[in-house]
Number of protein chains: 2
Amino acid sequence: MCEADVYLVKEGQEQLIIESVDIVTPEGDSTWRLVNIFGDQKTVKGRIKEMNLVNHKILFELQAD
Amino acid sequence: MCEADVYLVKEGQEQLIIESVDIVTPEGDSTWRLVNIFGDQKTVKGRIKEMNLVNHKILFELQAD
């Protein structure tokens with residue numbers, strides 16, 4: 001399976017938000033809906049900092065502006 | 001491998017931009033750098049419409065504003 005773990009980077013630290021995410025969709029301004037392969041959902045506010053799919057990792061960071 | 005194919009959705013049509021993408025990073029305002037597992041790079045202007053990692057698919061769309 002090719003899901004990814006989603007982290008929020010805060011002051012240089014990666015905080016795990018939700019594991020095994022399948023679907024990522026924007027929900028309005030700088031809010032994202034994350035749905036994992038178990039059907040769990042979370043929203044994260046921020047912007048995408050980097051996605052590394054082969055390493056199963058998506059990093060968000062807080063919006064600067 | 002867990003790379004994804006990246007499409008730009010234009011007038012309801014999905015146009016393939018680049019296959020087998022590993023790394024996605026933002027480059028300034030609404031521009032994204034895409035690097036695939038072969039080391040090929042492309043940039044796409046727009047915003048993420050949806051990512052479906054299990055289906056290996058990332059959709060971009062043109063910015064409305």
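For the structure itself, consult the block above.
Report on the accompanying structure. (Residues numbered from 1 in each chain as written. Chains lettered and ligands numbered in written order. Predicted model: local features only at pLDDT ≥ 70, side-chain atom pairs only at ≥ 80, totals over all residues. Heavy atoms only, no water.)

## Some points on the side chain of Asn52 of chain A
In this structure, Asn52 of chain A sits in strand β5 (residues 47-52). For Asn52 of chain A, a relative accessible area of 15% translates into the label buried. One polar contact links the side chain of Asn52 of chain A to the main-chain amide nitrogen of Asn55 of chain A, over a distance of 3.2 Å. Excluding anything up to four places from it in sequence, Asn52 of chain A contacts Lys57 of chain A together with Asp22 and Ile23 of chain B. (Helix = DSSP H or I, 4+ residues; strand = E, 2+ residues; numbered from the N terminus. Buried < 20%, exposed > 50% of the residue type's maximum accessible area, 1.4 Å probe, protein only. Polar contact = N/O pair within 3.5 Å; in protein donor to acceptor, adjacent residues only side chain to side chain. Contact = heavy atoms within 4.5 Å.)

## So, the pairing of strand β6 (residues 57-61) of chain A
Residue and element names in this part refer to chain A. Note: strand β1 (residues 4-10) against β6, five bridges, orientation parallel. Within β6, the position partnered with Val9 by the bridge is Glu61. Where β5 folds back onto β6 in an antiparallel hairpin, the turn is made up of four residues, including His56, whose phi is positive at roughly 60°. (Pairing = 2+ DSSP bridges.)

## Side note on the relation of the copies chain B and chain A
Superposing chain B onto chain A requires a rotation of 180° together with a translation of 0.0 Å along the rotation axis, leaving an RMSD of 0.0 Å. In short, the pair behaves as if placed about a two-fold rotation axis. Residues of chain B ranked by C-alpha distance from the rotation axis are headed by Cys2 of chain B, positioned 2.6 Å from it. Interface residue correspondence from chain B to chain A reaches 100%, placing this contact among same-surface, isologous pairings. (Least-squares fit on C-alpha atoms with pLDDT ≥ 70 in both.)

## Some details on unusual backbone geometry
Most peptide bonds adopt trans geometry, and most residues besides glycine take a negative phi value. Residue and element names in this part refer to chain B. Within the chain, Glu11 stands out as a residue other than glycine whose phi angle is a positive 50°. In this model, Ser20 sits at a positive phi of 55°, which is unusual for a non-glycine residue. Along the polypeptide, Ser20 turns up in strand β2 (residues 13-26). On the basis of relative accessibility, which here comes to 12%, the residue Ser20 falls in the buried class.

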